[in-house]
Amino acid sequence: MAFGGTIVTLALAGCIATMPKEPTPTGAEDFATFCASCHGADGKGKGAVAATMARAPADLTRLPQGKDFPAARVMSKIYGYQGDAAAQAVMPEFGDLLEGETVLYDSGDGIPTPTPLRLVQLAEYIRALPR
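Residues numbered from 1 in each chain as written. Predicted model: local features only at pLDDT ≥ 70, side-chain atom pairs only at ≥ 80, totals over all residues. Heavy atoms only, no water.

Chemist: Just checking my understanding: could you explain helix 2 (residues 27-39) for this structure?
Modeler: Since the α-helix turns once every 3.6 residues, residues separated by three or four places project in the same direction. If you check helix 2, its first and last C-alpha atoms are just 15 Å apart, much less than what 13 residues at 1.5 Å a residue would give, namely 18 Å. Approximately 50 degrees is the largest bend angle found in helix 2, and it occurs at Thr33. Residues of helix 2 that are buried: Gly27, Asp30, Phe31, Phe34, Cys35, Ala36 and His39. Considering only its buried residues, helix 2 is in contact with helix 5 (117-127). Positioned one or two residues after helix 2, Gly40 has a phi angle of 85 degrees, which is positive. (Helix = DSSP H or I, 4+ residues; strand = E, 2+ residues; numbered from the N terminus. Expected span 1.5 Å × (residues − 1). Bend = angle between axes of the 7 residues up to and from the residue. Buried < 20%, exposed > 50% of the residue type's maximum accessible area, 1.4 Å probe, protein only. Contact = heavy atoms within 4.5 Å.)

Right, dumping it as structure tokens:
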């Protein structure tokens, strides 16, 4: 009997191992899900709920591009390290972006650091918003 149970267990383990993994959303998809309602689809701070907010959302298209893009600051705000209490009260934390796969990412300080992939993708999407 123990032998039969082992075969069933191994067969189930084989099925689990071959189940397809959920695809990781892109930076554009995460922006649409988490950011566009406040910052607008174009990132200019005029999303559908922006007018109802106590503090206007940032115009993300005003951030510097290229090597001057403040990647660490942007990711810190998304992560939840706002720096001031007023911003914390308005900008929620996005725990979903912090789960899952990490990648080595240099946010501009020359030190590749393990960073959640979705956080990197979102920051890079924001960096690429048309100005």
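Still more ground to cover, so stick around.
Chemist: How should I be thinking about the side chain of Arg118 in this particular structure?
Modeler: For Arg118, the position within the fold is in helix 5. In this structure the side chain of Arg118 is engaged in a polar contact, spanning 2.6 Å, whose partner is the side chain of Asp30. Here Arg118 is in contact with Thr24, Pro25, Asp30, Phe34, Asp96 and Leu97, once residues within four sequence places are set aside. (Polar contact = N/O pair within 3.5 Å; in protein donor to acceptor, adjacent residues only side chain to side chain.)

Chemist: Is there a simple way to think about helix 3 (residues 71-79) in this case?
Modeler: Within the sequence span of helix 3, burial applies to Ala71, Val74, Met75 and Ile78. Buried residues in helix 3, looked at end-on, bunch into an arc of 95 degrees, giving them a common side. Where helix 3 is buried, its residues meet strand 1 (102-105), strand 2 (113-116) and helix 5. Immediately downstream of helix 3, the backbone of Gly80 shows phi near 125 degrees, a positive value. (Arc of directions from axis to C-beta.)

Chemist: Looking at this model, I keep getting lost on the nonpolar core. Mind explaining?
Modeler: In this structure, Phe31, Val74, Met75, Ile78, Leu122 and Ile126 are the most contacted members of the largest nonpolar core, which totals 20 residues. Those elements that place two or more of their residues in this core are helix 2, helix 3 and helix 5. Sequence-distant contacts of Met75, that is, excluding residues within four places in its chain, are made with Tyr105, Ser107, Thr115, Leu119, Val120 and Ala123. (Core = buried A, V, L, I, M, F, W, Y, C linked by side-chain atoms within 4.5 Å.)

Chemist: Just checking my understanding: could you explain the packing of aromatic side chains for this structure?
Modeler: Any aromatic ring pair is given by two values, namely how distant the centres are and how the planes are angled relative to each other. Evaluated as defined, the whole model comprises 2 aromatic pairs. Pairing Phe34 with Phe94 gives two aromatic rings, centres 5.3 Å apart and planes at 65 degrees, and the pair type is edge-to-face. Highlighted residues: Phe34 in helix 2 and Phe94 in the loop between helix 4 (85-90) and strand 1, separated in sequence by 60 residues. Judged on exposure class, the residue Phe34 and its partner Phe94 are both buried. (Phe/Tyr/Trp six-rings, centres within 6.5 Å; stacked < 30°, edge-to-face > 60°.)

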